[in-house]
Amino acid sequence: QYYISSRARPGGGVQRAVMLEPNVHLHDRLRKAAADARTQDPGLEVEVRGGFIEELQGESVFDAVVFGNVLCEVPDQGAFLQEVGRLLKPGGRVYFSEHVGVKPHGCFMR
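Residues numbered from 1 in each chain as written. Predicted model: local features only at pLDDT ≥ 70, side-chain atom pairs only at ≥ 80, totals over all residues. Heavy atoms only, no water.

Novice: Help me understand the side chain of aspartate 41 in this model?
Specialist: With respect to the helices and strands, aspartate 41 occurs in the loop between helix 2 (27-40) and strand 2 (45-49). In this structure aspartate 41 touches Ile4 and Arg7, once residues within four positions along its chain are discounted. (Helix = DSSP H or I, 4+ residues; strand = E, 2+ residues; numbered from the N terminus. Contact = heavy atoms within 4.5 Å.)

Now the structure itself:
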């Protein structure tokens, strides 16, 4: 829904979204969400891909990278973030959320 509503803003908002998900069991749900988005806004390009971030081709490809609850799952967060940097256009933005915190000295921090 965010992608669709963003297109009403000056500048057109999101034009193309690539949904990258390595878990093939989630692909049907993502394809349905992509089809629903295209039904609501046929001009919005949405692509569902399997695989991992390091498999995406190119450099400076995306204006923004959005990921949620991913850093806790990747074995090398530094390498993952380098891949994000490779894919971002100059001045691009990263949006993310995490559901885990660190525990220094017995306290959880976010």
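Alright, that's what it looks like, and here's the rest.
Novice: Mind showing me how you'd approach the packing of aromatic side chains here?
Specialist: When we look at a pair of aromatic rings, we describe it by the centre distance and by the angle of the planes. Evaluation of the coordinates by the stated rule reveals 2 aromatic pairs. Note on phenylalanine 67 and phenylalanine 80: the rings are 5.0 Å apart at their centroids and 80° apart in plane angle, and the pair reads as edge-to-face. Taken as a pair, phenylalanine 67 in strand 3 (residues 62-68) and phenylalanine 80 in helix 3 (residues 77-87) lie far apart in primary sequence, 13 residues in all. Like phenylalanine 67, the residue phenylalanine 80 is buried in the burial classification. Between phenylalanine 67 and phenylalanine 96 the ring centres are 5.4 Å apart and the planes differ by 15°, which places this aromatic pair in the stacked class. Here phenylalanine 67, found in strand 3, pairs with phenylalanine 96, found in strand 4 (residues 88-97); they are 29 residues apart in sequence, far enough to count as distant. Ring pairing ties together the aromatic residues Phe67, Phe80 and Phe96, which thus form one cluster. (Phe/Tyr/Trp six-rings, centres within 6.5 Å; stacked < 30°, edge-to-face > 60°. Buried < 20%, exposed > 50% of the residue type's maximum accessible area, 1.4 Å probe, protein only.)

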